[in-house]
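Each chain is listed here by its residues.
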Amino acid sequence: MNIEVSAKARANGQNTRLDIVDCDFHPKLTIEMMRPFLSNQWWVYLQTYGNRSRHGYSKGYAYPKMTPQAARRDAWPPGGGLPASDLEFLQQQHLDYYGISAAIMNPLSPTGQGDMNIELSVAMASAANEAQLIWTGREPRLKSSVVVPYEDGAASAAEIRKRAGNKDFAQVFMLSRTGEAAGRKRYWPIYEAAVEASLPVGIHAFGYSGWPMTSSGYPSFYIEEMTEHATAAQVMVTSMIMEGIFERWPDLKIVLIECGFGWLPALGWRLDKQWKRLKGEVPHLQMAPSEYIKKHFWVTTQPMEETENPDHLLEVMNWIGMDRIMFSSDYPHWDFDDPFVSLPPSLTDEQRRKIYSGNARALYQLD
Amino acid sequence: MTDVMTEVGAIDCDVHPSVPDVAALLPHLDTFWRDSVVERGLNSLDSNSYPLKSPLTSRPEWRNKSGLPAASAKEVGDQVFGRWQSGTAILNCLYGVQLLFSEDMAAAFCRALNDWVVKEWLDRDPRMRASIVIPMQNVEYAVDEIERCAKDRRFVQVLVLAMQEVPLGRRHFWPIYAACERHGLPLGIHAGSAYRNPVTSLGWPTWYIEDYAAQAPGFQSQMASLICEGVFAKHPGLKVVLIESGVTWLPGFLWRFGKFWRGLRTEVPWVDRAPWEIVRDHFRLTIQPFDAPDDPHAVERAIEHLRSDDILLYASDYPHWQFDGDAVIPAGFSPALRRKIAISNPLATYARLKEDAR
């Protein structure tokens, strides 16, 4: 996972041209890039108190990552700065090297999402969106995501409406560990505005909900934090279905980013099974839970599931639907999936075309 | 087929006796706690994990006139040993004593509950076995209760809830696992919460169906914790049975866990094998609720993804309403596998079932 990739070794890209859309690329928007778009009050506040996530450490993470910045060791720009903060270097190392035609930017920190101070989140989300536009202006292969201060539904909706119609934005962007499960009423203004703007809602694993990472309290290890993202995603999908948001917004499209997907078919089966007994509790559902999954959810590939028997992976992908799976690399993080080798070799050419680009082009209206 | 499709002599690994009310436990409490119950007006410890009237809590025809299912050894025996022709039933009592906040009170009520199970159930039907309910509120008390009950060989397992105050792998729990190992008792982890934390990592859900759905992720977290903390490196003889956990989440969970183990194993060097190997050696899952589509072919595929014939245990989850008719084992299991999960897998899991009890 930390094999050095020389930025110049394959300047001409791959030999057989494969259209690749990377649905999970993480630009490092530094706080300095955001400064012009923050008021003096918030700038001073950030200098004094910084971001306060819903955990104990003022700098860094609740669980120490296994590499600095959770990044590939070779992703640190030679000219200095953090991984994915140097546009020119990442163009070479990632976009050009793999011949990527489009990459959806999913900015993580510092964007203020999930901060204890919701007004700060509101200000920073807007600044993060302005900062992304600087990069899309310089690099047309990049697409922005509308970062929303999701714990404030009304402010999030306002931010989405402000960006609606701007073709540089491909989706609305949330994290999976929200303060309440994503189906809850406080988030409904986000979905309403996203549908209105014809934007899918991409929900990326991570964030700090403020609740323990398991229903039995906090685990001890970073490896557990990583596996727990899939449990949080199961809870999140369950909530979105059971709260009936897809009955309210039948055009709502959700992309699960870096949540994995091996768990998704089994979740649908379990919910269907329970719904058979408990449908009287949720009369607002008009169809079986797994039908909502099929109709409203897309998934990205990284971290690509590794099955013991390769046929099982293909089977799971077929259960989800080859038209619902979209390639993602997670550049520049340590668990990056290489576009050339991560997908199962036994996919048909048509399936590869869909997963590498076709599904994303259709969903994000990229053409 | 119109006949009841049964596995004669099966070991039913998950049957739930109902405690009618706190008064039923009074004869088994000492004077102090008996007086407390009366003076404080404590009459119910029913858990929110299974609302009494919820359809999932009991199939309608299994409720008695007052709405209570599985209220006596005879009722349970008629169904499990009569209609389904099982040979043995393991009783897992879910009365909410594990939710109490006072550790003293919890210890007293666990003792009372286990004694009640002996008197009202085990003594009334020799085909019944039971799990020791322990007060996880205090590890010393929990070990004491295992030591006290383990003398009765009809207790075949130790029972805890899937959702705890802290994850089950944490080291301060290990004396409990040492006691399990010492006495040949698997650790049974059953669906349900002690409600110390929200039932999801994203807070309290709106609907009960979300609470029940969240049990599966709850089990996944516990499996990760037990493995990552090194419980099986320290206690190689420990077996863990996930009860009413659902089944089909397991392969997907292990694929992800296995992948991250490859990348992050330096953090947990005592985990010296892939998680799925540890799971196959140490974990067993009861079959109900079998959370696959009804289609027998889909069931077959789901079983194939488990890559183990040893991992499933027969269980009706009576009186919970998981299936209709008599389909304790869903269509899609081969006759040989039906037989294996009904008899040999439980016997290989529960050492004490091989003994002539008493």
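Keep in mind it's a predicted model, so treat the numbers as computed, not measured. (Residues numbered from 1 in each chain as written. Chains lettered and ligands numbered in written order. Predicted model: local features only at pLDDT ≥ 70, side-chain atom pairs only at ≥ 80, totals over all residues. Heavy atoms only, no water.)

### Considering the overall build of chain B
How we decide: For helices the rule is a DSSP run of H or I covering at least 4 residues; for strands it is a run of E covering at least 2, with both sets numbered from the N terminus onward. The globule rule used for comparison is 2.2 Å times the number of residues to the exponent 0.38, while the radius of gyration itself is calculated over C-alpha atoms. Working definition: with a 1.4 Å probe on protein chains only, accessible area under 20% of the residue-type maximum means buried, over 50% means exposed, and in between means partly exposed. When checking whether two residues touch, look at their non-hydrogen atoms; a contact exists if any pair is within 4.5 Å. The accessible surface values rely on the Shrake-Rupley method and a 1.4 Å probe; as for residues, cover is taken only from the protein chains in view. For this count, His and the chain ends are skipped, Lys and Arg are scored as positive, and Asp and Glu as negative. Throughout, a charge is located at the NZ atom of Lys, the CZ atom of Arg, the CG atom of Asp or the CD atom of Glu.
Secondary structure summary: chain B contains 12 helices and eight strands in total. In terms of overall dimensions, chain B is globule-like: its C-alpha atoms have a radius of gyration of 19 Å, near the 21 Å expected for 358 residues. Viewed in the frame of its principal axes, chain B has a C-alpha envelope of about 55 × 55 × 45 Å. Within chain B, the fraction of its 358 residues that count as buried is 66%. For chain B, long-range pairs separated by at least 24 residues make up 81% of all intrachain contacts whose partners lie at least 6 apart in sequence. Summing over all exposed atoms, chain B offers an accessible surface of approximately 12800 Å²; the carbon and sulfur share of this is 52%. Of the side-chain charges in chain B, 38 are positive and 45 negative, and the distance between the mean point of each set is 4 Å.

### Description of helix H9 (residues 264-278) of chain A
Structurally, the α-helix is built with 3.6 residues per turn, so residues lying three or four positions apart point the same way. Residue and element names in this part refer to chain A. Heads up, the rule is: Here a helix's expected span is defined as the number of its residues, less one, multiplied by 1.5 Å.
In a regular helix each residue adds 1.5 Å, so 15 residues correspond to 21 Å; H9 covers 20 Å between its end C-alpha atoms and thus fits that length. Among the 15 residues in H9, 12 count as buried, and that is most of the element. Among all positions in H9, only Leu264, Pro265, Ala266, Leu267, Gly268, Trp269, Arg270, Leu271, Gln274, Trp275, Arg277 and Leu278 are buried.

### Brief notes about the packing of aromatic side chains
Residues and elements named next belong to chain A. Note the threshold: For this analysis, a ring pair means two rings from Phe, Tyr or Trp (six-membered ring only for Trp) whose centres lie within 6.5 Å, classed as stacked if their planes differ by under 30 degrees, edge-to-face if by over 60, and tilted for the remaining angles.
Tallying each qualifying case throughout the model produces 26 aromatic pairs over all chains. Taken together, a centroid distance of 5.3 Å and an interplanar angle of 40 degrees make the contact between Phe327 and Tyr356 tilted. With Phe327 in the loop between strand S8 (325-326) and helix H12 (349-364) and Tyr356 in helix H12, the pair connects residues that are 29 residues apart, well separated along the chain. Like Phe327, the residue Tyr356 is buried in the burial classification.

### Examining the pattern of salt bridges
What counts, and what does not: One speaks of a salt bridge when a side-chain nitrogen belonging to Lys or Arg is within 4 Å of a carboxyl oxygen belonging to Asp or Glu.
Applying the stated rule across the entire model yields 40 salt bridges over all chains. For B:Lys259, the salt bridge goes to A:Asp337, with nearest N and O atoms at 3.5 Å. Of this pair, B:Lys259 sits in helix H9 (residues 249-264) while A:Asp337 sits in the loop between S8 and H12, placing the two residues on different chains. Each member of the pair, B:Lys259 as well as A:Asp337, is classed as buried. One salt bridge connects A:Lys354 with A:Glu350, and the closest N-O pair in it is separated by 3.9 Å. Linking A:Lys354 with A:Glu350, this pair stays in helix H12, spanning four residues, or about one helical turn. Among the residues examined, A:Lys354 registers a relative accessible area of 29% and is labelled partly exposed. Owing to a relative accessible area of 48%, A:Glu350 belongs among the partly exposed residues under this scheme.

### Overview of the interface of chain B and chain A
Let me state the cut-off plainly: Once two parts are put together, the accessible area they lose, assessed with a 1.4 Å probe and summed over both, is termed the buried area. Nitrogen and oxygen atoms within 3.5 Å of one another constitute a polar contact, given that in protein one can donate a hydrogen and the other can accept it, and given that sequence-neighbouring residues count only through two side-chain atoms.
Counting from both sides, the interface comprises 73 residues of chain B and, opposite them, 69 residues of chain A. Surface buried jointly by chain B and chain A totals about 6100 Å² across both partners, of which 60% is contributed by carbon and sulfur atoms. Contact with chain A buries surface across chain B, with B:Leu202, B:Trp255 and B:Arg256 losing the most and accounting together for 14% of the total. The tally of links between chain B and chain A comes to nine salt bridges. The interface formed by chain B and chain A contains 34 residue pairs in polar contact (both at pLDDT 80 or more). Elements represented by at least two residues in the side of chain B that touches chain A include exactly strand S4 (155-163), helix H6 (208-213), helix H7 (215-228), H9, helix H10 (275-282) and helix H11 (296-306) of chain B. Ranked by the residues each element gives to the side of chain B that touches chain A, the list is headed by H9(B), at 11 residues.

### Digging into the environment of A:Pro289
All names here are of chain A. Looking at the secondary structure, you find Pro289 in helix H10 (residues 289-296). With 195 residues separating them along the chain, Pro289 and His94 place their C-alpha atoms 38 Å apart. When neighbours within four sequence positions are excluded, Pro289 is seen to be in contact with Ile241, Met242, Leu271, Asp272 and Trp275.

### Quick look at the pairing of strand S6 (residues 240-243) of chain B
Residue and element names in this part refer to chain B. Cut-off, in case you're wondering: Any two strands between which DSSP finds at least two bridges are classified as paired.
The alternating pattern of S6 places Val240 and Leu242 and Val241 and Ile243 on opposite faces, both of which are buried. When strand S5 (residues 187-193) meets S6, the two strands line up parallel, connected through four bridges. Among the inter-strand pairings, Leu187 is bridged to a residue of S6, identified as Val240. Taken together, the three bridges between S6 and strand S7 (residues 283-286) define a ladder with parallel strand orientation. When the sheet's bridge partners are listed, Val241 is paired in S7 with Arg284.

### Considering the sheet that holds strand S2 (residues 100-105) of chain A
All names here are of chain A. Under the convention used in this document: Here the axes come from fitting lines to C-alpha atoms, over the contacting stretch only for helices, and the angles between their N-to-C directions go from 0 to 180 degrees.
Spatial strand order, S1-S2-S3-S4-S5-S6-S7-S8: eight strands in an open sheet with parallel pairing. Two strands lie at the open edges of the sheet, namely strand S1 (20-25) and S8, each paired on one side alone. Across four bridges, the pairing between S1 and S2 is parallel. Looking across to S2, one finds that Asp22 is bridged to Ala103. The sheet contacts of helix H6 (residues 188-196) involve strand S4 (169-175) and strand S5 (201-204), and relative to S4 the element is tilted by about 170 degrees.

### Examining the environment of A:Val21
Residues and elements named next belong to chain A. Along the polypeptide, Val21 turns up in strand S1. Among the residues examined, Val21 registers a relative accessible area of 0% and is labelled buried. Along the chain, Val21 and Glu306 lie 285 residues apart, while their C-alpha atoms are 22 Å from each other. Filtering out sequence-adjacent residues up to four positions away, Val21 remains in contact with Ala102, Phe327, Tyr356, Ser357, Ala360, Arg361 and Leu366.

### Points about the confidence of the model for chain B
Going by this rule: What pLDDT reports is the predictor's confidence in each residue, on a scale of 0 through 100.
Averaged over chain B, the pLDDT score is 96; the fraction of residues at 70 or greater is 98%. Scoring the predicted complex yields pTM 0.96 and, for the interface, ipTM 0.96.

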